Structure formats: structure tokens, C-alpha cells
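Here is how the chains run, residue by residue.
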Amino acid sequence: MMELMFVKRSGKYDELTIVRSDGTVESVACPKQGIIPHDMVHYAVESVLAHRGFLSLVKEGQASAFTTGAGDSDEAVERLVETFQAEMWGGRVSAADLLSTYEHACESRGHRIAAVSRDDVEAIRDRLDELTLQWGALPQNGALTIRF
């Protein structure tokens, strides 16, 4: 188990504090992007799917400053996170269109596609909607803590 504490800050960055089950703590500056923080989108995706991505690797002991790219699974999850972010910025599309965009992103980067169903898309969207409401309700310096 790992605890993720997202803090809404003023300025250009929010903050993520990661507390692993062994007690080690890391902080990450999260650039503001007009929606929930990027790593919160990772949580929504990785908590629904069985595929390993950034947060799964951090949970397994990887430093939060690492760069993904070691394997197809983490790259595939990164593309999926980016696809959901694009949808959050641009507006909801059909699940089929979202999956098509995701598959195209993976193919253009030259790595495999992680299996994602339409039910997975809806479950991730539900989690993103919930997180968006919680994040939006936070005052400046307010925190949202999530267990992963």
C-alpha cells in the first residue's frame, strides 16, 4: 500500500507527497494543467487496470524522478493517461473514439497496446469524475489523500 497526498498550491505547481509502506517519503512538483494533476490521472488509470505504469513502479520502489520507457506496459499506460488527459481538456468522446486515439498513440510511438475494454474506459471515467469533483472542492493548500 502507498499513500498519495496531493496538495493544491498557488503558483505554477501543485504538490504530491508519496508515502510508501516502508515509510519512505518523496515529494513531486506537479505542474498545473487546468485539470487534476497528471499523477492523479495515473492513479485513476492504474487503480482500474492491472497494467503497470508510473505509480505501480513507484509503489514497487522506483524513485519518483525516473523516466518511463523501460517496458511496453509503462509506456502503454503513459499513452492511456495522456489520452484521458486530452479528453478531459477537449471534452468527452465515445469510448470507441477514445480507444482508437489511444491505439494510434501507441502505434505511433512503436510499442504495444495494453488491453483496455469499454467497461475499463467507463470505470476510469467514473474515477476521474470523482477525483475532479474532490480536487475542485479543495481550497488552496487543501489536500486530497489517496491510498494505492
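Details of the structure are given in the entry above.
Reference entry: report on the structure contained in this document. The numbering scheme is per chain: residues are counted from 1 as the chain's sequence reads. In keeping with the predicted nature of the model, local features appear solely for residues at pLDDT of at least 70, side-chain atom pairs appear and are counted solely at 80 or more, and the whole-chain, interface and lining totals rest on all residues. Neither water nor hydrogens contribute to the side-chain values; these are computed over all heavy atoms in the structure.

1. As for the packing of aromatic side chains
Argument step 1. The rule is short: rings of Phe, Tyr and Trp, with Trp giving its six-membered ring, pair when the centres are within 6.5 Å, and they are stacked under 30 degrees, edge-to-face over 60, tilted in between. Throughout the structure, instances matching the rule amount to one aromatic pair.
Argument step 2. Judged by centre distance (6.0 Å) and plane angle (75°), the rings of Tyr 43 and Phe 148 are edge-to-face. Taken as a pair, Tyr 43 in helix H1 (residues 38–48) and Phe 148 in the segment after strand E4 (143–147) lie far apart in primary sequence, 105 residues in all. We note that Tyr 43, like Phe 148, is buried.
Argument step 3. Counted as over-ring charges are cases with an Arg CZ or a Lys NZ within 6 Å of the ring centre that also lie within 35 degrees of the ring normal. Above the face of the Trp 135 ring, Lys 8 is positioned so that its terminal group lies 5.3 Å from the ring centre.
Argument step 4. Here the basic side chain of Lys 59 rests over the ring of Phe 148, its NZ or CZ set 5.0 Å away from the ring centre. The helix and strand labels rest on DSSP assignments: H or I over at least four residues marks a helix, E over at least two residues marks a strand, and numbering proceeds from the N terminus. Working definition: with a 1.4 Å probe on protein chains only, accessible area under 20% of the residue-type maximum means buried, over 50% means exposed, and in between means partly exposed.

2. Digging into the pattern of salt bridges
Argument step 1. When a carboxyl oxygen of Asp or Glu lies within 4 Å of a side-chain nitrogen of Lys or Arg, that pair is called a salt bridge. One pass over the structure, following the stated rule, counts nine salt bridges.
Argument step 2. With a shortest N-O distance of 2.7 Å, Glu 75 and Arg 79 are connected by a salt bridge. Within this pair, Glu 75 and its partner Arg 79 are both found in helix H3 (residues 72–90), separated by four residues, close to a single helical turn.
Argument step 3. Judged by its relative accessible area of 4%, Arg 79 is buried.
Argument step 4. The salt bridge involving Glu 87 is made with Arg 125; its shortest N-O contact spans 2.5 Å. With Glu 87 in helix H3 and Arg 125 in helix H5 (residues 118–137), the pair connects residues that are 38 residues apart, well separated along the chain. Exposure class is identical for Glu 87 and Arg 125. Each is buried.
Argument step 5. Connected through salt bridges with shared partners, the residues Glu 75, Arg 79 and Glu 82 form a single ionic network.

3. Remarks on the pairing of strand E2 (residues 13–20)
Argument step 1. Here strand E1 (residues 2–7) runs beside E2; their pairing, made up of six bridges, is antiparallel. Within the sheet, the bridge partner assigned to Met 2 lies in E2 and is Arg 20.
Argument step 2. If DSSP finds at least two bridges between two strands, the strands pair. Between the end of E1 and the start of E2, which pair antiparallel, lie five residues, with Gly 11 showing a positive phi angle near 85°.
Argument step 3. Looking at chain direction, E2 and strand E3 (residues 25–31) are connected through seven bridges and run antiparallel. Bridging from a neighbouring strand, Leu 16 pairs with Val 28 of E3.
Argument step 4. Linking E2 to E3, which pair antiparallel, is a turn of four residues; within it Gly 23 sits at a positive phi near 95°.

4. Some thoughts on the packing of H1 against H5
Argument step 1. Helix axes are fitted only over the stretch in contact, all axes being lines through C-alpha atoms; the angle between N-to-C directions runs from 0 to 180 degrees. Packing of H1 against H5 leaves a shortest axis separation of 9 Å and a crossing angle of 145°. The interaxial crossing formed by H1 with H5 has right-handed handedness. Note on element contacts: H5 touches H1 through Asp 120, Ala 123, Ile 124, Arg 127, Leu 128, Leu 131 and Trp 135, opposite Met 40, Val 41, Tyr 43, Ala 44, Val 45, Ser 47 and Val 48. Helix crossings get a hand from a simple test, with the near helix turned counterclockwise from the far one by less than a right angle marking a left-handed crossing and a clockwise turn marking a right-handed one. Whether two residues touch is decided by their heavy atoms; if any such pair falls within 4.5 Å, the residues are in contact.

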